[in-house]
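Results of the structural survey
Chain residues, written in single-letter form:
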Amino acid sequence: MPVHSSRLVTIERFILDEEKTHPGASGELTNLLYDVALVAKIIAREVNRAGLADILGETGDVNATGDDVKLLDEYADKAVFRVMDHTGRLCVMGSEEHEGIIKIPERFPKGKYVLLFDPLDGSSNIDSNASIGTIFSIHRKVTYGSDGTVEDCLQPGSRQVAAGYVLYGPSTILVYTTGHGVHGFTLDPSLGEFLLSHPNIKTPDEGKIYSCNEQNRADWEPAWREYTDWLKEKDAATRRPRSTRYIGSLVGDFHRNLLYGGVFFYPGSVKRPQGKLRLLYEVSPLSMICEQAGGRSVDGLGHRILDITPSELHQRVPLLIGSKKDVDEAEAFLAARRAVHAGKS
Ligand code: AHM
Ligand code: MG
């Protein structure tokens, strides 16, 4: 990885430099990442104008997984499609907003990559001006023929060739990995450029933050309830001081914990046995980022997220993600409590 010290480095320059370290690279992934950066700028512009442009509010539709569709979700979803459909780099797309795969129109050339995305995650926060984000995941096509298929989308996260997110917060930041570290770029609105601001992000080995929606705890498995009780204990000898932080916007919660350390969890519950978060559009890409930054991402049931082979596009998965020691500790705690409960039954 090139050393950039305090030089101003645009995302274009950085991606190009990264490509040069892989002799034989065709440049297609590089161009695809440029396209992602362009989409991010388009969505960021609209998000920043949201209150002014009278675009806030719901469309009245319900998306593929039953959530209300906000106008900005729809705008973001279309922006991705408009930038990506004709470039010849993709063979198929999948979006959290669409029930099935999104085909590349007949008239355009097809490429070797698959793009899966959540165009605007945390959209229940839009009207309150809290952070929201876009999440993306890129796979290589694995089937024959030029058109991509569902099978191309249903690959385990370990096969992602790139993943990342854009956080629309006080500033807009794009964070991505191609499997060679995690790098963050902050949008300078006056230049219209993403500038390297967070090279080679490493998440702390342990942190004090824990993030979850405790309103769901009554419906959680007892071991999860006991884990959060344990996190709150004030006098345990091994206890580090903890703080709870929860926006309810995955990209914002994840990004904060990535930088500060800590753990985020969205377990299954009686009402939602697989939790709420989508494996392909949200969890797999963030898991790749997390592992690349030195953290861990598991389902809390003994499986590494990146090893899970999806069986459907909108599959949900329980999530326990964050600093390595915190995830290790949570897994050990859950296993011990489950053993106690199993012994009792
Ligand atoms: P969305 O994709 O419909 O926005 O839903 C996903 C969001 C995540 O950003 C966030 O982590 C989670 O939903 C919050 O859920 P809850 O409100 O149940 O805590
Ligand atoms: Mg989402």
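Bear in mind that the values here come from a model prediction, so they are computed numbers and not experimental data.

How each quantity is defined
Residues numbered from 1 in each chain as written. Chains lettered and ligands numbered in written order. Predicted model: local features only at pLDDT ≥ 70, side-chain atom pairs only at ≥ 80, totals over all residues. Heavy atoms only, no water. Buried < 20%, exposed > 50% of the residue type's maximum accessible area, 1.4 Å probe, protein only. Helix = DSSP H or I, 4+ residues; strand = E, 2+ residues; numbered from the N terminus. Pairing = 2+ DSSP bridges. Domains from an automatic or database assignment. Contact = heavy atoms within 4.5 Å. Buried area = accessible area lost by both parts, 1.4 Å probe. Nonpolar A, V, L, I, M, F, W, Y, C, P; charged D, E, K, R; others polar. Axes fitted to C-alpha atoms, helices over the stretch in contact; angles between N-to-C directions. Near = heavy atom within 4 Å. Polar contact = N/O pair within 3.5 Å; in protein donor to acceptor, adjacent residues only side chain to side chain. Areas by Shrake-Rupley, 256 points an atom, 1.4 Å probe, with all protein chains shown as cover. Parallel < 35°, antiparallel > 145°, perpendicular 65-115°, else oblique. Left-handed = near helix turned anticlockwise from the far one by under 90°.

Turning our attention to the pairing of strand S6 (residues 132-140). Side-chain positions along a regular strand alternate between the two faces of the sheet. Counted residue by residue, S6 has eight buried out of nine residues, so it is predominantly covered. Bridge count for strand S5 (residues 113-121) against S6 is seven bridges, and the pairing is antiparallel. Of the residues in S6, the one forming a bridge with Leu-116 is Ser-137. The sheet contact formed by S6 and strand S7 (residues 162-168) spans seven bridges and is antiparallel. Opposite Thr-134, over in S7, you have Val-166 as the bridge partner.

The subject of this paragraph is the domain arrangement of the protein. The domain boundaries assigned to the protein delineate domain 1 (11-198) and domain 2 (209-344). When each unit is reduced to the centre of its C-alpha atoms, the spacing between domain 1 and domain 2 is 25 Å. On the domain 2 side, the residues contacting the 48 residues of domain 1 number 32 residues. For the pair domain 1 and domain 2, the two sides together bury roughly 2800 Å², of which 66% comes from carbon and sulfur. Looking at the side of domain 1 that touches domain 2, the element that brings in the most residues is S7, giving six residues. Residues belonging to the side of domain 1 that touches domain 2 are distributed by class as follows: 22 nonpolar, 21 polar and five charged.

Strand order in the open sheet made by the eight strands is S4-S3-S5-S6-S7-S8-S9-S10, with mixed pairing throughout. Each having just a single partner strand, strand S4 (102-103) and strand S10 (193-198) make up the two edges of the open sheet. Relative to strand S9 (residues 182-188), strand S8 (residues 172-177) runs antiparallel, the two sharing five bridges. Residue pairing in the sheet places Tyr-176 in a bridge with His-183 of S9.

One open sheet accounts for five strands, arranged S12-S11-S13-S15-S14; its pairing is mixed. Single-partner strands in this sheet number two, and they are strand S12 (243-244) and strand S14 (296-298). One ladder, built from four bridges, connects strand S13 (residues 262-266) with strand S15 (residues 319-322); its direction is antiparallel. Opposite Val-263, over in S15, you have Gly-322 as the bridge partner. Helix-sheet contacts for helix H5 (residues 222-232) involve strand S11 (209-211), S13 and S15, and the interaxial angle to S13 is about 155°.

Attention now goes to the pairing of S10. Pairing of S9 with S10 involves five bridges; the strand directions are antiparallel. Bridge pairing in S10 links Asp-188 to Glu-193. Between S9 and S10, which pair antiparallel and follow one another directly, the connecting turn spans four residues, one of which, Gly-192, has a positive phi of 70°.

A few words on the environment of Leu-286. With respect to the helices and strands, Leu-286 occurs in helix H7 (residues 279-292). Classification of Leu-286 as buried rests on a relative accessible area of 2%.

We now examine the site of ligand 1. As a matter of local geometry, ligand 1 sits amid 16 residues, with Asp-121, Gly-122, Tyr-246, Leu-250 and Tyr-266 nearest to it. In the model, an oxygen atom of ligand 1 is placed 2.8 Å from a nitrogen or oxygen of the Gly-122 main chain. Measuring from an oxygen atom of ligand 1, one finds a side-chain N or O atom of Tyr-266 at 2.5 Å. Against a free-state accessible area of 470 Å², the protein chains account for coverage of 87% of ligand 1. Elements with a contribution of two residues or more to the shell around ligand 1: S5 and S13.

Looking now at the packing of helix H6 (residues 250-260) against H7. It is at 12 Å that the axes of H6 and H7 come closest, and there the two elements cross at 10°. As judged from the angle between their axes, H6 and H7 are roughly parallel. Where H6 crosses over H7, the handedness of that crossing is right-handed. On the side of H6, the interface is formed by Leu-250, Phe-254 and Leu-258, while H7 contributes Glu-282, Leu-286, Ile-289 and Cys-290. For the contact of H6 with H7, the class distribution of residues is six nonpolar, no polar and one charged.

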